[in-house]
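Analysis of the macromolecular model
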Amino acid sequence: MKWLIIAVIFVVCVGIGLIFSSKYKKREKFYSALILFAQKLDVEINFSRERLKNLITSIDEKTKSNLAGLDKNFMHYLNGETELSQNELFKNIQFLKNEEKETIFLFFRSLGRSDVLGQSKEIANFTKRFDENLSKCSLENKKYGSLCIKLGVIAGLFMIVILI
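Here's a quick rundown of the structure. Note that this is a predicted model, so its numbers are computed, not measured.

1. What to know about the nonpolar core
By size, the foremost hydrophobic cluster in this structure holds 33 residues, and its most contacted members are L34, L70, I104, F107 and F108. Secondary-structure elements contributing two or more residues to this core are α1 (2–47), α2 (52–57), α4 (70–78), α6 (98–110) and α7 (116–163). Per-element tally for this core: the top contributor is α1, with 9 residues. Among all residues touching L34, those that are not within four sequence positions of it are L67, L70, I104, F108 and F130.

2. Considering the packing of aromatic side chains
All told, the structure shown has 11 aromatic pairs when counted by the stated rule. Centre to centre, the rings of F107 and F130 are 5.3 Å apart; their planes meet at 85 degrees, and the pair counts as edge-to-face. Of this pair, F107 sits in helix α6 while F130 sits in helix α7, and the two are 23 residues apart along the sequence. Here the two residues F107 and F130 agree in accessibility, since each one is buried. Members of the aromatic cluster, connected to one another through ring pairs, are F30, Y31, F37, F74, Y77, F95, F107, F108, F126 and F130. Positioned above the aromatic ring of Y24 is the side chain of K23, whose terminal nitrogen or guanidinium carbon lies 5.8 Å from the ring centre.

Cut-off values and rules
Residues numbered from 1 in each chain as written. Predicted model: local features only at pLDDT ≥ 70, side-chain atom pairs only at ≥ 80, totals over all residues. Heavy atoms only, no water. Core = buried A, V, L, I, M, F, W, Y, C linked by side-chain atoms within 4.5 Å. Buried < 20%, exposed > 50% of the residue type's maximum accessible area, 1.4 Å probe, protein only. Helix = DSSP H or I, 4+ residues; strand = E, 2+ residues; numbered from the N terminus. Contact = heavy atoms within 4.5 Å. Phe/Tyr/Trp six-rings, centres within 6.5 Å; stacked < 30°, edge-to-face > 60°. Lys NZ or Arg CZ within 6 Å of the ring centre and 35° of its normal.

Structural data, given as structure tokens:
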């Protein structure tokens, strides 16, 4: 019975480390999907000149899943169901920092507000910002993502030593 309790405590500690490390992985995947989304918007706005609703609905499923519902929240705004605010746009998204949310909110607020050339320049400007954030997120994921897992393992081993 004692070994079962020790094993459960170890698994819980490692699981907590995995949960904390998943935040960094989610941020990295989110920014890579956001960059792909912005680039697709830029290309489609310049060449097909399709409506914004159609462009957002035509995003592939992998990108949609990595955007963590941001596209759905923006579609609710485009359909007139909600207003465009940070609370509505980032509903159920907890892994982003406040300054990152502000930048992304500015990006979505600027969509569809200017002519094709101006919109293309704005998207390119935001893509550069997102690229910088992606590089920061990938560095943080390399540093802190594996660190959280290692700390979870060490905490589990520490608890095992204490209980033995």
